[in-house]
Amino acid sequence: MQKSRTFIYGILLGLLGIVLFSSKAVMVKLAYRYEIDPISILLLRMVFSFPFYLVTLFYVRKKSAVVKTTSKDWIWLAFFGFIGYYLASYFDFIGLVYIKASLERIILFVYPTVVLLLNKFFLKQSITKTRVGAIALTYLGIIIAFGNEVAISGIESLLGGFFVVLSAITYASYLVGSGWLIPKFGVTRFTSYAMIVSCICVFIHYGISMKTSILGYPWQVYFLGFLIAFFATVIPSFLVSQAIKMINSSNFAVIAGAGPISTIILAAIFLGERLTILQFLGAIVVIIGILLVSLKKQKKT
């Protein structure tokens, strides 16, 4: 009975975390209505989330045992914080200027296939025929979902899709490359350090590139910036971690398929976005492909 209750709670926590993560794109699109640029809304996200990760890091460092790390480990941590949270987020926010939030989530959802391909080409890990088929199915879904978007929204949608693909690639690179570092630092400690690095990168980027003050926007922009930081970044990261502990990563991989669906629903409610039947079909194909990739990986491990 207790195990059953824990499993149900884990499912609910996982679903809540997925929905909150999925709301990020919708809130960014809402912020763009106030004529804010990508680096400025990204700055607000980092400004509001920065204190939470500092506090988390301070708490974890007091509780956890000291693990010996080298200067090389810290250099790699900084590098993966740069590509995994700064570059991936920046590319994603640029892409959202040009494409629908629901399409952005569908494209980002394919990052597990990118992880497999990077492992194949750089770490020489084999890919089974089943996974090859699942990857092909996933990319077929992307083609179906994105195929008529150019006709609907114009050639700029290709540019948006390109930047979101770059976001998926950089985030997948972070996952592949940081795997050997996480055991040295611990998951929470590593994530906190990586997020702090990305925050600093965004602060520097904004300081170099922007000539206008961040203080000149309507109050709604700052409210959305806080919501993106707290409810679409910090809170779901902890909810997902706890859910995986409670129901294991294999079961979580199944409910993760709710991510694109929740974004489609939220985008329809708050942005008035509507996917065509063909685009919705493509989204379903992508979800099936990713589930096949994830479940096959879990069974192997």
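Calculation criteria
Residues numbered from 1 in each chain as written. Predicted model: local features only at pLDDT ≥ 70, side-chain atom pairs only at ≥ 80, totals over all residues. Heavy atoms only, no water. Core = buried A, V, L, I, M, F, W, Y, C linked by side-chain atoms within 4.5 Å. Buried < 20%, exposed > 50% of the residue type's maximum accessible area, 1.4 Å probe, protein only. Helix = DSSP H or I, 4+ residues; strand = E, 2+ residues; numbered from the N terminus. Contact = heavy atoms within 4.5 Å. Expected span 1.5 Å × (residues − 1). Bend = angle between axes of the 7 residues up to and from the residue. Axes fitted to C-alpha atoms, helices over the stretch in contact; angles between N-to-C directions. Parallel < 35°, antiparallel > 145°, perpendicular 65-115°, else oblique. Left-handed = near helix turned anticlockwise from the far one by under 90°. Nonpolar A, V, L, I, M, F, W, Y, C, P; charged D, E, K, R; others polar. Phe/Tyr/Trp six-rings, centres within 6.5 Å; stacked < 30°, edge-to-face > 60°. pLDDT = per-residue confidence, 0-100. Patch = residues over 30% accessible without salt bridge, like charges linked within 9 Å, V, L, I, M, F, W, Y side chains within 5 Å. Areas by Shrake-Rupley, 256 points an atom, 1.4 Å probe, with all protein chains shown as cover. Salt bridge = Lys/Arg side-chain N within 4 Å of Asp/Glu carboxyl O.

## What about the nonpolar core?
Ile36 and Ile41 are the most contacted members of the largest nonpolar core, which has 54 residues in total. The set of elements that each furnish at least two residues to this core consists of α1 (2-32), α2 (38-63), α3 (71-98), α8 (156-178), α10 (187-209), α11 (219-255) and α12 (258-270). If near-sequence neighbours (up to four positions away) are discounted, Ile41 is found in contact with Ala31, Tyr32, Ile36, Phe93, Val221, Gly225 and Ile228. Residues Phe109, Ile264, Ala283 and Val286 belong to the second largest nonpolar core, which totals 17 residues.

## Looking at α3
Every α-helix carries 3.6 residues per turn, so stepping three or four residues along brings you back to the same face. End to end, α3 covers 40 Å across 28 residues, agreeing with the expected 40 Å (1.5 Å per residue, within 8%). Of all the bends in α3, the greatest measures close to 25° and is centred on Leu87.

## A word on the packing of helix α5 (residues 111-122) against α8
Here α5 crosses α8 at 55°, and the two axes come no closer than 9 Å. Taken together, the axis directions place α5 and α8 in an arrangement best described as oblique. In terms of crossing hand, the pair formed by α5 and α8 is right-handed. Listed contacts from α8 to Tyr111, Val114, Val115, Leu118 and Asn119 of α5 are Ala168, Ile169, Tyr171, Ala172, Ser173, Leu175 and Val176. Here the contact of α5 with α8 is composed, by residue class, of ten nonpolar, two polar and no charged.

## Here's the deal with the packing of aromatic side chains
Counted under the stated rule, the structure contains 23 aromatic pairs. Pairing Phe230 with Phe231 gives two aromatic rings, centres 4.9 Å apart and planes at 90°, and the pair type is edge-to-face. The exposure class of Phe231 is partly exposed, given its relative accessible area of 35%.

## A few points about the confidence of the model for the protein
Overall, the predicted model of the protein reaches an average pLDDT of 87, with 94% of residues at or above 70. Least confident of the elements in the protein is helix α7 (residues 149-153), whose mean pLDDT is 76; most confident is α3, at 94.

## Remarks on the packing of α5 against helix α6 (residues 129-147)
At their nearest, the axes of α5 and α6 sit 10 Å apart, and the two run at 135° to each other. By the angle class used here, α5 and α6 are oblique. Both α5 and α6 take part in a crossing whose hand is left-handed. Counting all contacts with α5, which are made through Thr113, Val114, Leu116 and Leu117, the residues of α6 involved are Arg131, Ile135, Thr138 and Tyr139. The class makeup of the residues in the contact of α5 with α6 is five nonpolar, two polar and one charged.

## Overview of the environment of Ile235
With respect to the helices and strands, the residue Ile235 is situated in helix α11. Taking C-alpha positions, Ile235 is 35 Å from Ser126, a pair spaced 109 residues apart along the chain. Those residues in contact with Ile235, other than ones at most four positions away along the chain, are Leu20 and Phe230.

## Structural notes on a nonpolar patch on the surface
A grouping of Val47, Ile200, Phe203, Ile204 and Ile208 is seen on the molecular surface, where their side chains present a nonpolar patch of about 440 Å² in accessible area. Here the nonpolar patch gets four residues from one element, more than from any other, and that element is α10. Within the secondary structure layout, Ile208 lies in helix α10. For Ile208, a relative accessible area of 62% corresponds to the exposed category.

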